[in-house]
Amino acid sequence: MRDVRTCMPMKNILQILVLVLGLALLLSGCESGKKEAEQADKPKVESAAATSKAEAPAPAVEQPVEPASPPPSPADLDRADRLVAFSNAASMALAAGRYAQADVLMAYTKYYLAEWQLAKRPAINPDEDEILARRLVPPVGLFTPEQTKKMAASVQEMNKAIASMRADYRALEKYVEDALLQDDGAKGKSLSSGIARAHAAFVVARDAYMQIVEAEAAPAEDILLSNHPLKRQIQAAEHIFAVFGKVASLLAPDRPDREALQAQRQELAAALADGGRPPFMAAPDLERRYRGFLKQAESYAELFDQGLNEEFYAPLRFEMNKTAVASRTAYNDFVRDANKMR
C-alpha cells in the first residue's frame with residue numbers, strides 16, 4: 001500500500017550559539033600543638049632565656065604567595081575583543097542562509113518520516129551565502145596557520161554536506177509529487193537516509209570548526225567579561241544554549257534517556273531563574289530585549305515538559321527545534337543592541 005505524501009509550507013529556521021565561564025577556589029588551613037598542661041607543674045622561676053627557649057612556638061613556615069595576575073595589556077584586550085567578535089560573527093553565519101538549512105532540512109525529513117508530509121525546501125540567496133562564507137574566514141594572524149587550515153577544511157565539508165542534503169531533498173520533493181510511482185515509500189526512505197548521513201557529516205564538520213573557535217574565544221571572553229555588568233545574564237544564556245544542544249543529542253536515539261533529559265530540564269530551570277533574577281545592570285530597552293529571549297526559552301521549557309509528561313513525538317520535537325531557534329534569534333537581537341551601546 002502506497003504511503004500518503006503531501007507537501008506543506010513551513011517557515012525557515014535559524015540557530016546560534018554563545019560561551020561559558022567558570023571559577024574554582026581552594027582553601028587550606030593548619031593547626032598548632034598544645035603544651036600548656038606540661039608547663040603548669042614546672043617552677044615559675046626560670047631565666048628569661050630558658051623560658052624563651054622552652055615556650056617559644058616553632059617558627060612559622062611561610063607559605064608561598066601566588067603573585068597576582070597582571071591586568072591584561074591593551075594588546076591582550078584588543079585580541080580578546082577581536083576573537084569574541086569573530087566568534088559571534090561565525091556563530092551568526094552558521095545560523096543563517098544555507099548553513100542553517102542543514103538542521104532545518106533534517107527536521108523536515110524527520111517530520112516526513114513520521115507524518116508522510118514534506119515541507120517545501122527553503123530558498124537560498126547566493127549573495128547572502130557568499131557574505132556568510134566570508135564571515136567564516138578568520139582575519140590573518142588571529143589563529144595559528146594550522147588552526148586556520150583545519151577551519152577552512154571544515155567549511156568545505158559543511159558546504160559539501162549541505163549541497164548533498166539539498167540535492168537529496170529536491171529529489172524527495174519530486175518523489176512526493178509523483179502520484180504515479182507506487183513503491184510503498186521505499187525511495188522516500190532511501191533519500192531520507194542519504195539526507196541523514198549528509199547531516200551527520202555536516203554536524204561533525206561544524207563542531208570541529210566551532211571547537212577551534214571556542215577554544216580561543218572562551219578565555220578571551222573571560223577577559224572581557226571580568227567586570228561586565230551583564231556577566232550573569234550572559235552566562236545564563238550560555239547555559240540555556242548548552243541545554244538546547246544536549247537535549248538535541250539526547251533526543252537523537254529512538255529511545256531517549258529520560259533520566260538524562262530530566263536532569264537537563266533541571267539545568268534549564270536553574271539557568272532561566274539565574275538569567276531572570278534582578279538586577280539587570282543596563283538600559284531598560286536592553287533589558288526588554290533580554291527578557292524577550294528568556295520568554296522564548298521559557299516556551300521551549302514548556303514544550304520540554306510536555307515531552308517529559310507525554311512523549312517526544314516528531315511534531316513536538318519539530319516545535320521544540322523551532323522554539324530553540326527563535327530563542328537564539330531573540331538573543332542575537334539582544335547582542336546586536338548591546339554592541340550598539342558599547
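In case you missed it, the structure is sitting above this.
The model shown is predicted, which means the values in this text are computed figures rather than measured ones.

Caption draft 1: Broad picture of the overall build of the protein. Along the protein, the regular secondary structure elements total eleven helices and two strands. Along the protein, from the amino end to the carboxyl end, the secondary structure elements read β-α-α-α-α-β-α-α-α-α-α-α-α. Relative to its full complement of 342 residues, the protein shows a buried share of 36%. When contacts within the protein are restricted to residue pairs at least 6 apart in sequence, those whose partners lie at least 24 apart make up 83%. Carbon and sulfur atoms make up 56% of the accessible area of the protein, which totals about 20,500 Å².

Caption draft 2: Unusual backbone geometry, seen in detail. The omega angle of the peptide bond from Pro278 to Pro279 is 5°, so this bond is cis rather than trans. Among the structural elements, Pro279 can be located in the loop between helix H9 (258–276) and helix H10 (284–309). A positive phi is found at Trp116, a non-glycine position, where the angle reads about 60°. Examined against the element boundaries, Trp116 turns out to sit in the loop between helix H4 (97–115) and strand E2 (117–119). Unusually for a residue other than glycine, Asp184 sits at a positive phi of about 60°. As for its position among the elements, Asp184 is in the loop between helix H6 (145–177) and helix H7 (186–225). Using a relative accessible area of 46% as the deciding quantity, one classes Asp184 as partly exposed.

Caption draft 3: Spatial organisation of the side chain of Asp337. Its location among the elements puts Asp337 in helix H11 (residues 314–340). In terms of polar contacts, Asp337 uses its side chain to reach the side chain of Arg289, at 2.7 Å. When neighbours within four sequence positions are excluded, Asp337 is seen to be in contact with Leu286 and Arg289.

Caption draft 4: The arrangement of the packing of helix H8 (residues 231–250) against H10 in detail. As a packed pair, H8 and H10 sit with axes 12 Å apart at the nearest point and diverge in direction by 30°. In terms of axis orientation, H8 runs roughly parallel to H10. When the axes of H8 and H10 are compared, the crossing they make is left-handed. Two secondary-structure elements touch here, H8 through Gln233, Ala236, Ala237, Ile240, Phe241, Phe244 and Val247 and H10 through Tyr290, Phe293, Leu294, Ala297, Tyr300 and Phe304. Residues belonging to the contact of H8 with H10 are distributed by class as follows: twelve nonpolar, one polar and no charged.

Caption draft 5: Quick look at the packing of aromatic side chains. The tally for this structure, following the rule as stated, stands at 16 aromatic pairs. Judged by centre distance (5.6 Å) and plane angle (50°), the ring pair of Tyr111 and Phe318 falls under tilted. Residue Tyr111 is found in helix H4, and its partner Phe318 is found in helix H11; the two are separated by 207 residues along the sequence. The buried category is assigned to Phe318, whose relative accessible area is 5%. Aromatic side chains Phe241 and Tyr331 sit 5.4 Å apart centroid to centroid with 75° between the ring planes, which places their arrangement in the edge-to-face category.

Caption draft 6: Broad picture of the packing of H4 against helix H5 (residues 126–135). Running from amino to carboxyl end, H4 crosses H5 at an angle of 95°, the nearest separation of the two axes being 7 Å. In terms of their interaxial angle, H4 and H5 are classed as roughly perpendicular. Taking contact as the criterion, the partners of Gly97, Arg98 and Tyr99 in H4 are, on H5, Glu128, Asp129, Leu132 and Ala133. Tallied by class, the residues present in the contact of H4 with H5 amount to three nonpolar, one polar and three charged.

Caption draft 7: Expanded view of the side chain of Arg232. Following the sequence through the fold, Arg232 ends up in helix H8. Buried and without a salt bridge, Arg232 has Asp274 as its closest oppositely charged side chain, separated by 4.7 Å. Side-chain polar atoms of Arg232 contact the backbone oxygen of Asp274, separated by 2.7 Å.

Caption draft 8: Looking closely at the pattern of salt bridges. All told, the structure shown has 15 salt bridges when counted by the stated rule. Notably, a salt bridge pairs Asp333 with Arg336, separated by 2.5 Å at the nearest N-O pair. Highlighted residues: Asp333 and Arg336, both in helix H11, separated by three residues, approximately one helical turn. Among the residues examined, Asp333 registers a relative accessible area of 23% and is labelled partly exposed. On the basis of relative accessible area, Arg336 is assigned to the partly exposed category, the value being 36%. Salt bridges linked by common partners bring Arg289, Asp333, Arg336 and Asp337 together as one network.

About the thresholds
Residues numbered from 1 in each chain as written. Predicted model: local features only at pLDDT ≥ 70, side-chain atom pairs only at ≥ 80, totals over all residues. Heavy atoms only, no water. Helix = DSSP H or I, 4+ residues; strand = E, 2+ residues; numbered from the N terminus. Buried < 20%, exposed > 50% of the residue type's maximum accessible area, 1.4 Å probe, protein only. Contact = heavy atoms within 4.5 Å. Areas by Shrake-Rupley, 256 points an atom, 1.4 Å probe, with all protein chains shown as cover. Polar contact = N/O pair within 3.5 Å; in protein donor to acceptor, adjacent residues only side chain to side chain. Axes fitted to C-alpha atoms, helices over the stretch in contact; angles between N-to-C directions. Parallel < 35°, antiparallel > 145°, perpendicular 65-115°, else oblique. Left-handed = near helix turned anticlockwise from the far one by under 90°. Nonpolar A, V, L, I, M, F, W, Y, C, P; charged D, E, K, R; others polar. Phe/Tyr/Trp six-rings, centres within 6.5 Å; stacked < 30°, edge-to-face > 60°. Lys, Arg positive; Asp, Glu negative; His and termini not counted. Salt bridge = Lys/Arg side-chain N within 4 Å of Asp/Glu carboxyl O.

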